Amino acid sequence: MTRSGSSPSSPVDIETGVVDDDNFDDPFDIATTKNASTHTLRRWRQAALVLNASRRFRYTLDLRKNEDQEKRRRMIRSHAQVIRAALLFKLAGQRALVLETVVAPPSPSGGYGIALEQLVSMTRDHNITALLQYGGVKGLSEMLKTDVDRGVPGDDSELSDRRIAFGSNTYPVKQGRSFLRFVWEALNDLTLVILIIAAVLSLGLGIKTEGFEQGWYDGGSITFAVLLVIFVTATSDYRQSLQFQNLNAEKRNIQIEITRGGRREKVSIYDVVVGDVIPLNIGDQVPADGLLIKSHSLAIDESSMTGESKIVHKDQKAPFLMSGCKVADGAGTMLVTSVGINTEWGLLMASISEDTGEETPLQVRLNGVATFIGIVGLSVALLVLAVLLARFFTGNSKNPDGTVQFVHGKTSASEALNDVIKIFTAAVTIVVVAVPEGLPLAVTLTLAYSMKKMMADKALVRRLSACETMGSATSICSDKTGTLTLNQMTVVEAYVGQKKIDPPEDGLQYHTTVASLLNEGISQNTAGSVFFSKDGTCIEVSGSPTEKAILQWGVKIGMNFDVVRSHSVLLHVSTFNSSKKRGGVALRGADSQVRIHWKGAAEIILASCKEYLDADGSLHPTDKDMEYFKRAIEEMAARSLRCVAIAYRNYGIDDVPVDEEQLAEWNLPEDDLVLLAIVGIKDPCRPGVKNAVKICTDAGVKVRMVTGDNIQTAKAIAMECGILASGEDATEPIIIEGKTFHEYSEKEREQASKHILVMGRSSPSHKLLLVQTLRKLGEVVAVTGDGTNDAPALHEADIGLAMGIQGTEVAKESSDVIILDDNFASVVKVVRWGRSVYANIQKFIQFQLTVNVAALVINVVAAVSSGEVPLNTVQLLWVNLIMDTLGALALATEPPTDHLMHRSPVGRREPLVTNIMWRNLIIQALYQVAVLLVLNFRGTAILNLKKDERGNAVRNTLIFNTFVLCQIFNEFNARKPEEINVFSGVTKNHIFMGIIGTTFMLQVMIIQFLGKFTSTVRLGWNLWVVSFVIGILSWPLAMVGKLLPVPRTPLARVFSKPYQRFTEEQTLERGGRPPPSAGFTPGDSLRQHKEVSAVVLPTVRPKAVVLVTVAGPGAVYDGDEGGWCNRELGKTAAPGITSIEHTDQLQLLPSMR
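Residues numbered from 1 in each chain as written. Predicted model: local features only at pLDDT ≥ 70, side-chain atom pairs only at ≥ 80, totals over all residues. Heavy atoms only, no water.

**Looking at the overall build of the chain**
A count of helical and extended segments in the chain gives 39 helices and 32 strands. Taking all 1153 residues of the chain together, the buried fraction comes to 56%. Split by element, the accessible area of the chain, about 48,400 Å² in all, is 57% carbon and sulfur. (Helix = DSSP H or I, 4+ residues; strand = E, 2+ residues; numbered from the N terminus. Buried < 20%, exposed > 50% of the residue type's maximum accessible area, 1.4 Å probe, protein only. Areas by Shrake-Rupley, 256 points an atom, 1.4 Å probe, with all protein chains shown as cover.)

Have a look at this one:
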């Protein structure tokens, strides 16, 4: 699939088997809205039939507002660019002139040595002169009472004082829409406005002709019913908006690591204060404006502020850091100088913080469905209006007492106008019922409900569309560490030279030379830290799980973190990243000796080692013992241990770059290393992950593990997790190295991708390549990632899943869903919820279409035959409320069931209304129409009401009551479209039971007490029983109906097939070519065609073709037979096709039909 949502370059849709035709391009057919073009999004809006645009498009992307926000971004970015240009101009000038520039001395304020305005001015203008005159970072930190190594003390009173003096790290968020705004938007519905106008006219005419006591009922009841619809609709929409506001607030609440009181701790970005010391690593977001304290090759991506994709390197010459930017490379520490609205980022967020919304593919498709139904309903309403007006003015319409309603020359103008208004309001009400304005909004209702519940399941949804797309996922590419495993790493094995240290934490077994070098390498070559807890009773460790495991091991063997670090000076850092799989540092010791320490993937470090230190401290060449070390690594990897090697080398001090710029760009030497130790780190599988993988497999979702660990470790973990069934499966390409996959040709990658279950030694570029290949093959791919380099794969995937604990901010911003507990089981829950969203929408569609069909048919048939409609305006508005708002609330909030995970993934273009739904819908609609029409035409006779003067009123009330009760009972049927038992779990869904109960109670009140408003009369218990029996019979009818088989081919495709054949014959008769997919001739090999997804075979019928779509080995769609043919490999799949051992070897032979 392409990013814009169109299908691949194939001429035939793989899922529908329908030939693409530019002349019949469906604007509502958008497979994915992720990165969809503005033109595509604008097109479907223009094509939709909409009665209330403000409500229909409320939860879609506001294109106009989005453009306005982009203009504001450009304006603020241009300000940042001007500042940057001015800074460069200053630096280009004479140094002496810069130093001579006069800056006002700092003004003490609030107990601190500098005022807020001076800090903000210096930071926002990047005023290096002011910084130098304030004494640089050190002088400024003293003014702010901050220790650049230990940070601020961190007690509550201290933090409170800083917030009072310098502000908090928050910005004004625009208030959400008020309830009255939702009332106003609900009132903007064109049909409701027409009904209110008609009701006011009816009210005036009624009072004029019948007096106030009797004349206000018709107009007043319609007005009341319209206001009730508006109020209930506004209340439902307002509650949804509150849920979205809470979720948006959760998305903005980023957790960051800071240093306070000498300890590292995680806090909310909103808790950052001026004076805080914050460590920065790859992928972090700069949480506030500040100054660089120290750095190692720190590179910042300032595109979010400047709009330029250029990476900016930061050092003491360019120390200013802007809030909202991302760390692209290196590491550093910053001092916070401005927070919240005093930063450029705060100003930007305050001006654009209102959410512009987004649409989902399902929402777009439902707008298409609503448009189609609306056109049909509008046509029916016009027909009813024409028929009723014709009957009225020709004298064929009669009053309940049998008198003719309109007699030319006798009926007064006011009476005639009042009757015409009633006819008109009846027709408009049919439009209200027929145009399902709430259908697309049912998506947002179920998404809002699902997103709230998913938070409890440890999944934070960043993009609405991800919820439903997960229901279509066919492949999950998962990380290993922390997702499939617990991320609780400990060193369980250690080799020093040829000696296995047992236990590995026994410090007495390490020679002093080895121990000294190990301690130095572990303490300096790390992004983590070791410190005492707040109460001082124990030692705590921070950093990544691998870093923490090695630091804890170092502490156990006798390393004193702070003391060791104080004995040497850090010259340069080569930060670890997932591409090179190693990290190194250059140190200058107390003896002025320079040493370079490396740490990383064991086999990669080992390959760079020329010598090794043995357990006795002696030096030996690695040549003779290389096999021993490789075997040790393989044995540890086979036991699912992550293998890390630690090595060093001496380096001449004269060879170290002296210039600061050269030092920043220095590539640390990676060869001629001396191996110090190889450690095996255990990271146990998460409990329940094996069952979660099995659930995915049973649900038709293939789980693939993509890890940076070596192939043996990956294999062992995959077998432990159930991704690999046995060691026999561990053959290429089922288990493959990323490098090998990258070296394949495009065709070989496509073939291998179908079988890959484990990819070891994978870099982010390998993961991205796998995702691209799978998507090209038509897979719907979900990808997990935590690192900055995973961002391209997360962005490219159909669903990007970032890890909430270990994930960097860059990864999270590129993702669609954040897995808050980093657990694979939570990923599976997201799949369940995704399928639930789709299933719930289908339930609501089935229910709503049944109501639509029944109500329209009953009113049309009655209007044409008798000149009156049994369901009047107020009654239809009540039915619309049940169907639209209450029905959506009841059916769209069904929780997911295990049954959802026993079916195949939902195809992207699978029909919204399936054959099963059509069967259920037709059975219920026919039943309701038949019963209600019988009551309409024969009801007075059947119920012995001919002699009753209220006979017609009782009959019409019974029809209305029965119709509503049929909908109430049918809501139960809609819960389980495919299952006979529709009551399972119903009592656990309190929302559903509450709405059913409320609807029934209101119906009783309407019939028994509000007859004047609804033009009904009270019913006796016997007629209530009749209504109940007719309604409840829909249950056994639905059960029996579900025993009827349905064809596998969607009805839409069946009905469109004659048209397709006709157009194909017309094309051939004109001497043209068959559809593009007929570019193959019998005998062609598919190997010759790279982008094959379908072929056209000639048949014995002249000038006709048969579409055959190849979906995979052994799976062929036969367009004539109308179904998938799953055949054994090597056997004939369909007439004219043989030899399907591999799809790329398919031979197209002449058909024998």
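**Side note on helix α38 (residues 1034–1041)**
Along α38, the residues classified as buried are S1034, W1035, A1038 and G1041. Projected onto a plane normal to the axis of α38, the buried residues spread over an arc of 130° and lie on a single side. Each element contacted by the buried residues of α38 is listed here: α33 (915–942), α34 (951–975) and α37 (1021–1032). (Arc of directions from axis to C-beta. Contact = heavy atoms within 4.5 Å.)

**Topic: the pattern of salt bridges**
Within this structure, the stated rule accounts for 29 salt bridges. Between R639 and E493 there is a salt bridge, and its shortest N-O distance comes to 2.2 Å. Here R639 is found in the loop between α22 (626–638) and β19 (641–651), whereas its partner E493 is found in strand β10 (residues 490–496), with 146 residues between them in sequence. Linking D671 and R649 is a salt bridge whose minimum nitrogen-to-oxygen distance equals 3.3 Å. Of the two residues, D671 sits in the loop between α23 (660–664) and β20 (673–682) while R649 sits in strand β19, which places them 22 residues apart along the sequence. Given a relative accessible area of 43%, D671 falls into the partly exposed group. Classification of R649 as buried rests on a relative accessible area of 16%. A single network of salt bridges, built from pairs that share partners, joins D479, K767 and D790. (Salt bridge = Lys/Arg side-chain N within 4 Å of Asp/Glu carboxyl O.)

**Section: the packing of aromatic side chains**
Within a pair of aromatic rings, the relevant descriptors are the distance that separates the centres and the angle that separates the planes. For the coordinates displayed, the defined rule picks out 20 aromatic pairs. On the numbers, 5.1 Å between centres and 75° between planes, the contact of Y612 with F629 is edge-to-face. Residue Y612 is located in strand β17 (residues 609–613), and its partner F629 is located in helix α22; the two are separated by 17 residues in the primary sequence. Judged on exposure class, the residue Y612 and its partner F629 are both buried. Three or more aromatic residues link up through ring pairs in this structure, and these residues are F969, F972, F983, F992, F1000, W1024, F1028 and W1035. Across from the ring centre of Y112, 5.3 Å away, lies the NZ or CZ of K145, which sits over that ring. Over the ring of F992 we find R975; its NZ or CZ atom is 5.6 Å from the centre of that ring. (Phe/Tyr/Trp six-rings, centres within 6.5 Å; stacked < 30°, edge-to-face > 60°. Lys NZ or Arg CZ within 6 Å of the ring centre and 35° of its normal.)

**Topic: the nonpolar core**
M470, I723, V758, I799, F824, I845 and F963 are the most contacted members of the largest nonpolar core, which totals 151 residues. No other element matches the 20 residues that helix α31 (residues 824–866) contributes to this core. Every residue in contact with M470, bar those within four places of it in the chain, is listed here: A782, I799, L801, V827, V830, V831 and G834. Within the second largest apolar cluster, 45 residues are counted, among which are I278, L298, M322 and V336. (Core = buried A, V, L, I, M, F, W, Y, C linked by side-chain atoms within 4.5 Å.)

**Regarding the side chain of S268**
Along the chain, the position of S268 falls in strand β2 (residues 263–268). Owing to a relative accessible area of 10%, S268 belongs among the buried residues under this scheme. Beyond its immediate stretch of four places on either side in the chain, S268 contacts N253, I254 and Q255.

**Examining the pairing of strand β13 (residues 539–542)**
Note: strand β12 (residues 529–532) against β13, four bridges, orientation antiparallel. In the sheet register, F532 faces β13, and the bridge partner there is I539. Turn length for the β12-β13 hairpin, with the two strands adjacent in sequence and antiparallel, is six residues, and the turn residue G536 shows positive phi of about 75°. (Pairing = 2+ DSSP bridges.)

**Quick notes on the environment of V929**
Looking at the secondary structure, you find V929 in helix α33. Looking at V929, the relative accessible area reads 11%, which means it is buried. For the pair V929 and I858, spaced 71 residues apart in the sequence, the C-alpha separation amounts to 6.1 Å. In contact with V929, other than residues within four places in its own chain, are A854, V857 and I858.

**Observations concerning helix α7 (residues 136–143)**
Most of α7 is tucked away: six of the eight residues are buried. All of the buried residues in α7 are G136, V137, G139, L140, S141 and M143. Directly after α7, the chain includes K145, whose backbone phi takes a positive value near 55°.

**Focus: unusual backbone geometry**
Of the consecutive residues D502 and P503, the connecting peptide bond is found in the cis state with omega at -5°. The step from E732 to P733 runs through a cis peptide bond, and the omega angle for that step is 10°. Its location among the elements puts P733 in the loop between α25 (711–721) and β22 (735–737). Backbone geometry places S297, a non-glycine residue, at a positive phi of 55°. Of note, S297 is situated in strand β4 (residues 289–301). Phi at S1015 is positive, roughly 60°, even though this residue is not glycine.

**A short note on the environment of R565**
Looking at the element boundaries, R565 is found in helix α20 (residues 561–566). When its relative accessible area of 29% is taken as the criterion, R565 is described as partly exposed. Counting along the chain gives 24 residues from R565 to G589, while the straight-line C-alpha distance between them is 9.8 Å. Excluding anything up to four places from it in sequence, R565 contacts S523, Q524 and T526. For R565, the side chain forms a polar contact with the main-chain oxygen of S523, separated by 2.7 Å. (Polar contact = N/O pair within 3.5 Å; in protein donor to acceptor, adjacent residues only side chain to side chain.)

**Observations regarding the sheet that holds strand β8 (residues 459–461)**
Across the sheet, which stays open at both edges, the eight strands sit in the order β8-β26-β25-β24-β9-β21-β23-β22 with mixed pairing between neighbours. Strand pairing shows two members of the sheet lacking a second neighbour, β8 and β22, which therefore form its edges. This sheet shows a mean twist of 20° between the axes of neighbouring strands, independent of strand direction. In the sheet, strand β21 (residues 702–706) pairs with strand β23 (residues 758–760) via two bridges, with the strands oriented parallel. Bridge pairing links M705 to V758 in β23. (Axes fitted to C-alpha atoms, helices over the stretch in contact; angles between N-to-C directions.)

**Examining a nonpolar patch on the surface**
A surface patch of nonpolar side chains, about 490 Å² in accessible area, is lined by W1021, V1025, V1029, I1032 and L1033. Structurally, V1025 can be placed in helix α37. (Patch = residues over 30% accessible without salt bridge, like charges linked within 9 Å, V, L, I, M, F, W, Y side chains within 5 Å.)

**Overview of the packing of α22 against α25**
The N-to-C vectors of α22 and α25 enclose an angle of 20°; their axes lie 7 Å apart at closest approach. On the basis of the axis angle, α22 is roughly parallel to α25. When the axes of α22 and α25 are compared, the crossing they make is right-handed. Listed contacts from α25 to E634, A637 and A638 of α22 are Q712, T713 and A716. Its residues assigned to classes, the contact of α22 with α25 shows three nonpolar, two polar and one charged. (Parallel < 35°, antiparallel > 145°, perpendicular 65-115°, else oblique. Left-handed = near helix turned anticlockwise from the far one by under 90°. Nonpolar A, V, L, I, M, F, W, Y, C, P; charged D, E, K, R; others polar.)

**Quick notes on the packing of helix α15 (residues 413–434) against helix α32 (residues 873–891)**
Across the interface, α15 lies against α32 with an axial gap of 9 Å and an inter-helix angle of 5°. By the angle between their axes, α15 is roughly parallel relative to α32. In this structure, α15 uses T425, A426, T429, I430, V432 and V433 to contact α32, whose residues at the interface are T873, L876, L877, N880 and M883. Residue classes in the contact of α15 with α32 are distributed as seven nonpolar, four polar and no charged.

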